[in-house]
Amino acid sequence: MRIATWNVNSLNARLPRVEEWLEYAAPDVLCMQETKVAEASFPTMALSALGYESASHGDGRWNGVAIVSRVGLDDVARGFEPGVDEQGCRIMAATCGGVRVHSVYVPNGRVVGSEHYLAKLAWLDELRSHLERSASPSERVAVCGDFNIAPDDRDIYDRQALEGSTHITEPERKALAAIEDWGLVDGFRLLHDEDELFTWWDYRAGNFHKHLGMRIDLILLSRSLAETASFALVDRNARKGKQPSDHAPVLIDVA
DNA sequence: ATGGTTGCGAAGCAA
């Protein structure tokens, strides 16, 4: 079973690239983030034509997450518990091919110490609580998405250049570690321990071609699922060419 | 490597 995650930065703008990618990468499940599309106007038919069922959670303008699957899509749950993340549209889950799959878009945080940064840390804490309430680490669980955190210094291009900015601070990394401590492992890292295998590059200043990026898009797997991981890849080709997202998709094959 | 680009939506913000 091939599981993928991709921050598409507007599904409306990216639909041709997503369709192309589904055809050649052939994931069984694709989690998307920053779809920026309302549930009512989600391109369900276009994805159905490629053999994928869809479920989404979005308000149409900001954020938005989706899961598309060709191995079943059941028990869809949107947001955290009632009253939390009602406007954010940053998390949803579905059961696909026997795996409880989550698509998450962690808040960016903007500036270290700002209210948005504190909200990011609170959101990550809520994600840990949500997993405790709604899933079991002994089952087949995948938490996929744009975490807006580079797990360690292998995942950034230069420690000094980024000092003082978000995505690399200890509180963010500890919050991610607390989520992993629930019972998840970084699937991509199981199969690749090299540095500078980035998943996101700023559109500006030719950063992609200068190899100035971060690895912030992660596929976290429960242990039983992680044990079966056989192949993982960041598809940098999807970051090239006409109208790319600023993120590349990440995929992993599990049994 | 502090200067840039893209998306949304129609100016300026978020990333």
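What you see is a predicted model; the values in this text were computed from it and never measured.

## Things to note about the overall build of chain A
Check the secondary structure of chain A and you find seven helices and 14 strands. A compact globule built from 255 residues should have a C-alpha radius of gyration of about 18 Å, and chain A, at 17 Å, falls within 12% of that. Along the first, second and third principal axes, the C-alpha atoms of chain A reach 45 × 40 × 35 Å. Put simply, chain A has 255 residues, and 56% of those count as buried. Entry remark: accessible area of chain A is about 10700 Å², with carbon and sulfur atoms responsible for 50%. Taking the 27 positively charged and 39 negatively charged side chains of chain A as two groups, their mean positions are separated by 4 Å.

## Observations regarding the packing of helix α3 (residues 115-134) against helix α5 (residues 170-181)
Packed helix pairs are characterised by how far apart their axes lie and by the angle those axes make with each other. Between α3 and α5, the shortest axis-to-axis distance is 9 Å and the interhelical angle comes to 5 degrees. Between α3 and α5, the angle is such that the two are roughly parallel. Side by side, α3 and α5 meet where Tyr117, Lys120, Leu121, Leu124, Leu127, Arg128 and Leu131 of the first sit next to Pro171, Glu172, Ala175, Ala178, Ile179 and Asp181 of the second. Of the residues that constitute the contact of α3 with α5, the class distribution is nine nonpolar, no polar and four charged.

Conventions we followed
- Residues numbered from 1 in each chain as written.
- Chains lettered and ligands numbered in written order.
- Predicted model: local features only at pLDDT ≥ 70, side-chain atom pairs only at ≥ 80, totals over all residues.
- Heavy atoms only, no water.
- Helix = DSSP H or I, 4+ residues; strand = E, 2+ residues; numbered from the N terminus.
- Rg over C-alpha atoms; globule rule 2.2 N^0.38 Å.
- Buried < 20%, exposed > 50% of the residue type's maximum accessible area, 1.4 Å probe, protein only.
- Areas by Shrake-Rupley, 256 points an atom, 1.4 Å probe, with all protein chains shown as cover.
- Lys, Arg positive; Asp, Glu negative; His and termini not counted.
- Charge placed at Lys NZ, Arg CZ, Asp CG, Glu CD.
- Axes fitted to C-alpha atoms, helices over the stretch in contact; angles between N-to-C directions.
- Parallel < 35°, antiparallel > 145°, perpendicular 65-115°, else oblique.
- Contact = heavy atoms within 4.5 Å.
- Nonpolar A, V, L, I, M, F, W, Y, C, P; charged D, E, K, R; others polar.

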